[in-house]
Amino acid sequence: MRCLLCNSSSTRPFHAWPTFLVLECRSCGFRFIDLETWTSPYESHDYYDEKAVASLVSMPFDRGFIRRRINQIKQFSATGRSLDVGCGLGEVPRLLSQLGYDAEGLDESSAVINVLSRQAKSVKWHCGTVSEVLPTLGLFDVVTLYHVLEHIPDPIRAVEGILKNVRPGGLLIIEVPNAGGLFTRLMGPRWHYYLDHHVNYFGKRHFYKIATEFGCEVLRIKGDYDFTYPTGRGWKIVVKRMLCMIGFQDVISVVLRKKKMKVMDNFFISNC
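The paragraphs below set out a description of the structure included in this document. Small disclaimer: the values here were computed from a predicted structure and weren't measured.

## A few points about the overall build of the protein chain
Then, number 1: Scanning the protein chain for helices and strands turns up 10 helices and 11 strands.
Then, number 2: Considering the protein chain as a whole, with its 272 residues, one finds that 49% of them fall into the buried category.
Then, number 3: Residue pairs in contact within the protein chain that sit at least 24 positions apart in sequence constitute 67% of those at least 6 positions apart.
Then, number 4: Carbon and sulfur atoms make up 54% of the accessible area of the protein chain, which amounts to about 14100 Å² in all.

Spelled out as structure tokens, the structure:
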């Protein structure tokens, strides 16, 4: 099948697992699941199990990895209307709401959205798919996708659609596992994020291509040391940060700015 990123027909098998096959594009190096032989494991059940939903009752939502995400948003956009696509347990919208953002969250999990709607009423929660809900929501200053894009079978069309909900000059922030990191290259097919529900495997260079494709300004593309949160404390975090500095970056964090519409100079010249 054609590459999901550049549409090249020059693809080859990278590795086959018992339930899925990952292909690699010879043109751009992008890796992706062979959709012609793949069935989503979440077609028949909710992404979140009952235990995950129950944890919402008492779980702290200001953990370290969430603070890191919030600090990144604040660095580029101090306030405004925000939407977290694939909001999961809702940590980012809840903290942004506390900081004065007009925060909203979207997720396909009705179980999670039902709980969040009762717990965090200062946030507007939406349940449904991106294609169903986004066209009804209007424009945002900040749209975030934390570990969402790797699950979407048509990532280019998804980004194109989501950008329609970003104001000119607004931000699109994406975080995904880093398929181009040193640890990934060392592990090869044993890398722990080759999973049957991860359709796409991005490296940093692929986001420069996406930015060019849609005329976005790249504000930041950076590797981070941990997928979600520091699993240890003290010396473990220090070691992870040091490893990150030499290339062991488990995730990619991307900040894109949607370019503002340019006013044609000829419009003014013709009226002089």
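## Focus: the packing of aromatic side chains
Then, number 1: What the rule picks out here adds up to 10 aromatic pairs.
Then, number 2: Each ring, one from Phe14 and one from Tyr194, has its centre 5.5 Å from the other, and the planes form 40°; the classification is tilted. Taken as a pair, Phe14 in strand E1 (residues 11–16) and Tyr194 in the loop between helix H7 (182–187) and strand E9 (200–201) lie far apart in primary sequence, 180 residues in all.
Then, number 3: Take Phe14: its relative accessible area is 24%, and that puts it in the partly exposed class.
Then, number 4: With a relative accessible area of 5%, Tyr194 lands in the buried category.
Then, number 5: Consider the rings of Tyr194 and Tyr201, whose centres lie 4.8 Å apart with planes at 55°: the pair is tilted.
Then, number 6: Tyr201 sits in the buried class, given a relative accessible area of 3%.
Then, number 7: Within the aromatic cluster, the residues linked to one another by ring pairs are Phe14, Trp17, Phe20, Trp191, Tyr193, Tyr194 and Tyr201.
Then, number 8: In this arrangement the basic side chain of Arg81 is found over the ring face of Phe140, its NZ or CZ atom lying 3.9 Å from the centre.

## Let's talk about the sheet that holds E9
In a beta sheet, neighbouring strands pair by backbone hydrogen bonds and run either parallel or antiparallel.
Then, number 1: If you trace the 4 strands from one edge of the open sheet to the other, you get E1-E2-E3-E9, paired in antiparallel fashion. The sheet is open, and its two edges are formed by E1 and E9, each paired on a single side.
Then, number 2: Looking at chain direction, strand E3 (residues 31–33) and E9 are connected through 2 bridges and run antiparallel. Bridged to Phe32 within E9 is Asn200.

## What to know about the environment of His147
Then, number 1: Within the secondary structure layout, His147 lies in the loop between strand E7 (140–146) and helix H6 (155–163).
Then, number 2: C-alpha of His147 to C-alpha of Ile252: the two residues are 105 residues apart in sequence and 9.8 Å apart in space.

## Considering the nonpolar core
Within soluble globular proteins, side chains that are nonpolar generally end up buried alongside one another.
Then, number 1: Of all hydrophobic cores here, the largest spans 49 residues; its most connected members are Val143, Leu149 and Phe207.
Then, number 2: In terms of residues, this core owes the most to one element, H6, which gives 5 residues.
Then, number 3: Setting aside its immediate chain neighbours within four residues, Leu149 contacts Pro155, Ala158, Val159, Ile174, Val176, Asn200, Phe202 and Phe207.
Then, number 4: Tyr48, Tyr101, Ile113 and Tyr146 belong to the second-largest nonpolar core, a separate cluster that totals 28 residues.

Rules of the game
Residues numbered from 1 in each chain as written. Predicted model: local features only at pLDDT ≥ 70, side-chain atom pairs only at ≥ 80, totals over all residues. Heavy atoms only, no water. Helix = DSSP H or I, 4+ residues; strand = E, 2+ residues; numbered from the N terminus. Buried < 20%, exposed > 50% of the residue type's maximum accessible area, 1.4 Å probe, protein only. Contact = heavy atoms within 4.5 Å. Areas by Shrake-Rupley, 256 points an atom, 1.4 Å probe, with all protein chains shown as cover. Phe/Tyr/Trp six-rings, centres within 6.5 Å; stacked < 30°, edge-to-face > 60°. Lys NZ or Arg CZ within 6 Å of the ring centre and 35° of its normal. Pairing = 2+ DSSP bridges. Core = buried A, V, L, I, M, F, W, Y, C linked by side-chain atoms within 4.5 Å.

Any functional reading would require information that these geometric values do not contain.
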